[in-house]
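Below are the chains, spelled out letter by letter.
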Amino acid sequence: MNIALLTASGTGTRTNQDIPKQFIHVDNKPILIYTLEAFQKHPNIDEICVVVLNGWEKILWAYAKQFGITKLKYVINGGSTGQESIYNGLIELKASLSEDDVIIIHDGNRPLVSQEIITDSFVKYQQFGSAVAAIPCTEVVFVIDVGKTNESMKSINRDYLRRTQTPHTYKLGEIYAAHEEANKLGIINMAASCSLMEALGKPTFFSLGSEKNLKISTVEDIQIFRALLYSKNDDWIK
Ligand SMILES: Nc1ccn([C@@H]2O[C@H](COP(=O)(O)OP(=O)(O)OP(=O)(O)O)[C@@H](O)[C@H]2O)c(=O)n1
Ligand SMILES: C[C@](O)(CO)[C@H](O)COP(=O)(O)O
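Residues numbered from 1 in each chain as written. Chains lettered and ligands numbered in written order. Predicted model: local features only at pLDDT ≥ 70, side-chain atom pairs only at ≥ 80, totals over all residues. Heavy atoms only, no water.

Participant: I'd love a proper account of the overall build of the protein chain, names of residues and values included.
Facilitator: If you tally the helices and strands in the protein chain, you get seven helices and eleven strands. Taken over the C-alpha trace, the protein chain has a radius of gyration of 18 Å; the compact-globule value for 238 residues is 18 Å, and the two agree within 12%. Considered along the principal axes of its C-alpha atoms, the protein chain spans approximately 50 × 45 × 35 Å. Classification of the 238 residues of the protein chain by burial places 48% in the buried group. Within the protein chain, residue pairs in contact and separated by at least 24 positions form 74% of the contacts whose partners lie at least 6 positions apart. Of the accessible surface of the protein chain, which amounts to about 12600 Å², a share of 50% is contributed by carbon and sulfur atoms. The positive charge centre, built from 24 side chains, and the negative charge centre, built from 27, are 2 Å apart in the protein chain. (Helix = DSSP H or I, 4+ residues; strand = E, 2+ residues; numbered from the N terminus. Rg over C-alpha atoms; globule rule 2.2 N^0.38 Å. Buried < 20%, exposed > 50% of the residue type's maximum accessible area, 1.4 Å probe, protein only. Contact = heavy atoms within 4.5 Å. Areas by Shrake-Rupley, 256 points an atom, 1.4 Å probe, with all protein chains shown as cover. Lys, Arg positive; Asp, Glu negative; His and termini not counted. Charge placed at Lys NZ, Arg CZ, Asp CG, Glu CD.)

Written as structure tokens, this is what we have:
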């Protein structure tokens, strides 16, 4: 079985709105529902689990009913960090599923994840045993020195850089064991599975990502999301 684990337990401090950004409506639909629709639509996804903020469970079930998210099977509470939220989801899934089931972890606030990105995550998982969506770096990148924010220290060759996104696909047994090990080592704030795996000495294998697979972090990102939604049917873009 393939299960999508969507994180939606962030408070959205950077958006500074009255409600968490994943529940902000864009075109009469909460941002999180756009994300859920992408996984609902994908033929390889069997079930969906969402880790959500305390108090938002019933609201999420109601939205899932309204928008036809029939694959939603688990709604559970997240934790105080992204890593803890993922771990809570994994604990719930491990209790009901097999170690060999496949978990595709995705930020609930990346609503424009495409069907191709989800497919490629599974393809690379089959090939390498795990997959993390990533994109090349198109800008020149410099490292700065501590306290010298306006001065360059050295540049990094961007040909050797990758910017990671979600989805992250792992075998349930493997990602659960990694979280257990991280907890034992006192690693508590690594929501990105690739960073967690690196800390445990394990490699990351990249799958397709996209500039459009943006993570909504700020109000500006909501504006970009809205613009991308309206340009979705631009058939002149190859
Ligand atoms: N304790 C947390 C923190 C974050 N997340 C989720 O992890 C993803 C990435 O989080 P990010 O947007 O970076 O953080 P937020 O907490 O949502 O926002 P902010 O950092 O502005 O407070 C989001 O889907 C968010 O809901 C989570 O499930 N549990
Ligand atoms: C997992 C993630 O999408 C990066 O690849 C996410 O942004 C990580 O969250 P963090 O809390 O900003 O590390």
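Having put the structure on the table, let's press on.
Participant: Can you break down the packing of aromatic side chains residue by residue, with the values?
Facilitator: The full count for this structure, using the stated rule, is six aromatic pairs. Where Phe23 meets Trp56, the ring centres are 4.3 Å apart and the plane angle is 20 degrees; that geometry is what we call stacked. A residue pair is termed long-range when its members are at least 10 positions apart, and Phe23 in the loop between strand S1 (2–8) and strand S2 (25–26) and Trp56 in the loop between strand S4 (47–52) and helix H2 (57–66) qualify at 33 residues. Residue class for Phe23 comes out buried when judged on its relative accessible area of 2%. Assessed through its relative accessible area of 19%, Trp56 is described here as buried. Between Phe23 and Tyr63, the ring centres sit 6.5 Å apart and the planes meet at 25 degrees, which makes this aromatic pair stacked. You can see Phe23 sitting in the loop between S1 and S2 and its partner Tyr63 sitting in helix H2, a full 40 residues away along the chain. Accessibility assignment for this pair places Phe23 and Tyr63 in one class, buried. Aromatic ring contacts, followed pair by pair, group Phe23, Trp56, Tyr63 and Phe67 into a single cluster. Positioned above the aromatic ring of Tyr34, the side-chain terminus of Lys29 is 4.6 Å from the ring centre. (Phe/Tyr/Trp six-rings, centres within 6.5 Å; stacked < 30°, edge-to-face > 60°. Lys NZ or Arg CZ within 6 Å of the ring centre and 35° of its normal.)

Participant: Tell me what's going on with the confidence of the model for the protein chain, and back it up with residues and numbers.
Facilitator: In the predicted model, the protein chain carries a mean pLDDT of 96, and the fraction of residues at 70 or more is 98%. Across the interface, the model reports ipTM at 0.95; the global pTM reads 0.96. (pLDDT = per-residue confidence, 0-100.)

Participant: Would you mind going over the site of ligand 1 in detail, with residue names and values included?
Facilitator: Around ligand 1, the surrounding shell holds 18 residues, and the nearest of these are Thr7, Thr13, Lys21, Ser85 and Asn109. Arg14 has a polar side-chain atom sitting 2.8 Å from an oxygen atom of ligand 1. Within the side chain of Lys21, a nitrogen or oxygen atom sits 2.8 Å from an oxygen atom of ligand 1. Burial of ligand 1 by the protein amounts to 85% of the accessible area it has alone, namely 560 Å². (Near = heavy atom within 4 Å. Polar contact = N/O pair within 3.5 Å; in protein donor to acceptor, adjacent residues only side chain to side chain.)

Participant: Lay out the packing of helix H3 (residues 82–96) against helix H5 (residues 172–185) with the relevant residues and their values.
Facilitator: With their axes 10 Å apart at the nearest point, H3 and H5 run at an angle of 130 degrees to one another. Put simply, H3 runs oblique to H5. Along this stretch, H3 crosses H5, giving a crossing that reads as left-handed. For the pair H3 and H5, the contacting residues are Gln83, Ile86, Tyr87, Leu90, Ile91, Leu93 and Lys94 in the first and Leu172, Ile175, Tyr176, His179, Glu180, Ala182 and Asn183 in the second. Each residue belonging to the contact of H3 with H5 can be placed in one class, and the counts come to nine nonpolar, three polar and two charged. (Axes fitted to C-alpha atoms, helices over the stretch in contact; angles between N-to-C directions. Parallel < 35°, antiparallel > 145°, perpendicular 65-115°, else oblique. Left-handed = near helix turned anticlockwise from the far one by under 90°. Nonpolar A, V, L, I, M, F, W, Y, C, P; charged D, E, K, R; others polar.)

Participant: So, unusual backbone geometry: which residues are in play, and what are the values?
Facilitator: Between Thr166 and the following residue, Pro167, the backbone shows a cis peptide bond with an omega angle of 15 degrees. Residue placement: Pro167 occurs in strand S10 (residues 162–171). Even without glycine at this site, Asp27 takes up a positive phi of about 55 degrees. Inspection of the secondary structure assignment puts Asp27 in the loop between S2 and strand S3 (29–30). Judged by its relative accessible area of 44%, Asp27 falls in the partly exposed class.

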